[in-house]
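Architecture and fold: a report
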Amino acid sequence: MLEDTIESTKIYTQVFPMEWIEIGPRTFSSHAQHVANLAKPQPAASIGGVELFLPPNVYHPGIGLSSSLLVDALLSENMGRTVLDLGCGSGFVGISLYCQGMDLVLADISNASISSTTENLRRIGIPGRVILSDLFSNLKGMRFDTILFNPPLFDKTVEHEAEIALCDPNGDLLTRFLTEASQHLTSKGCIYFMASNLMNREALLSGLGSYRYKIISSSFSTQSEVSRWIVSARSKH
């Protein structure tokens with residue numbers, strides 16, 4: 001997921017723009033730097049003063065904006081009792097939003113992320129089930145009041161291990177997520193996920209066709225012209 005932390009301004013909108021970002025050399029240069037950063041030993045990041053375990057190739061919540069934007073937007077939301085942090089990476093989002101009595105499940109396709117999340121739950125001292133899963137493949141029969149997803153945003157082919165957390169060519173992963181998520185929500189359940197003008201626009205809008213959704217928070221970087229939106233969505237069915 002391409003990130004940048006300079007000149008980012010919060011904006012609020014209820015609709016996605018008609019025009020999407022034009023991917024050019026500046027976008028690829030920024031993305032390449034982010035991949036290089038993820039492949040190195042990670043700088044320290046913490047939750048409540050407790051340093052997190054962040055091995056190489058695990059999405060780092062301190063490098064970019066997406067994880068923090070998602071957490072900040074949802075701090076006042078009622079998550080319900082059963083919560084899934086899907087594509088959890090280091091577990092930063094789910095751990096940051098944990099409340100006493102919550103049944104928290106954290107899932108990721110990456111073994112490194114599973115190790116990172118497991119250790120971070122231990123360090124923070126909160127309960128949670130950690131499951132190795134390709135999206136919902138190992139979550140059959142499980143339903144949640146809230147599903148959190150900070151997906152890969154960049155519509156680009158994955159060429160390096162670090163890009164698994166950053167790139168979603170043709171929006172295939174997003175399409176799968178939006179197709180399958182409704183089957184794992186409780187009757188009043190809600191999904192919260194990050195969207196961006198870096199992702200495949202058709203996959204985003206088509207996938208949201210079966211949901212009632214709204215944009216609850218937005219940001220725009222004047223440096224990169226990248227927009228990010230926090231979307232809440234409930235199944236129409």
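Please refer to the structure placed before this passage.
Residues numbered from 1 in each chain as written. Predicted model: local features only at pLDDT ≥ 70, side-chain atom pairs only at ≥ 80, totals over all residues. Heavy atoms only, no water.

Focus on the pattern of salt bridges
- Scanning the model with the defined rule gives six salt bridges in all.
- Linking aspartate 134 and arginine 176 is a salt bridge whose minimum nitrogen-to-oxygen distance equals 3.2 Å. With aspartate 134 in the loop between strand E6 (129-132) and strand E7 (144-149) and arginine 176 in helix H5 (residues 172-180), the pair connects residues that are 42 residues apart, well separated along the chain.
- Judged by its relative accessible area of 30%, aspartate 134 falls in the partly exposed class.
- Arginine 176 sits in the partly exposed class, given a relative accessible area of 32%. (Salt bridge = Lys/Arg side-chain N within 4 Å of Asp/Glu carboxyl O. Helix = DSSP H or I, 4+ residues; strand = E, 2+ residues; numbered from the N terminus. Buried < 20%, exposed > 50% of the residue type's maximum accessible area, 1.4 Å probe, protein only.)

So, the pairing of strand E10 (residues 227-235)
- Among the nine residues in E10, eight count as buried, and that is most of the element.
- Pairing of strand E8 (residues 185-196) with E10, which is carried by six bridges, proceeds in the antiparallel orientation. By the bridge assignment, isoleucine 191 is partnered in E10 with alanine 233.
- Direction of pairing for strand E9 (residues 211-221) relative to E10: antiparallel, over a ladder of nine bridges. Bridge pairing links isoleucine 215 to valine 231 in E10.
- Here E9 folds back onto E10, and the loop between the two strands holds five residues, one of which, glutamate 225, carries a positive phi near 65 degrees. (Pairing = 2+ DSSP bridges.)

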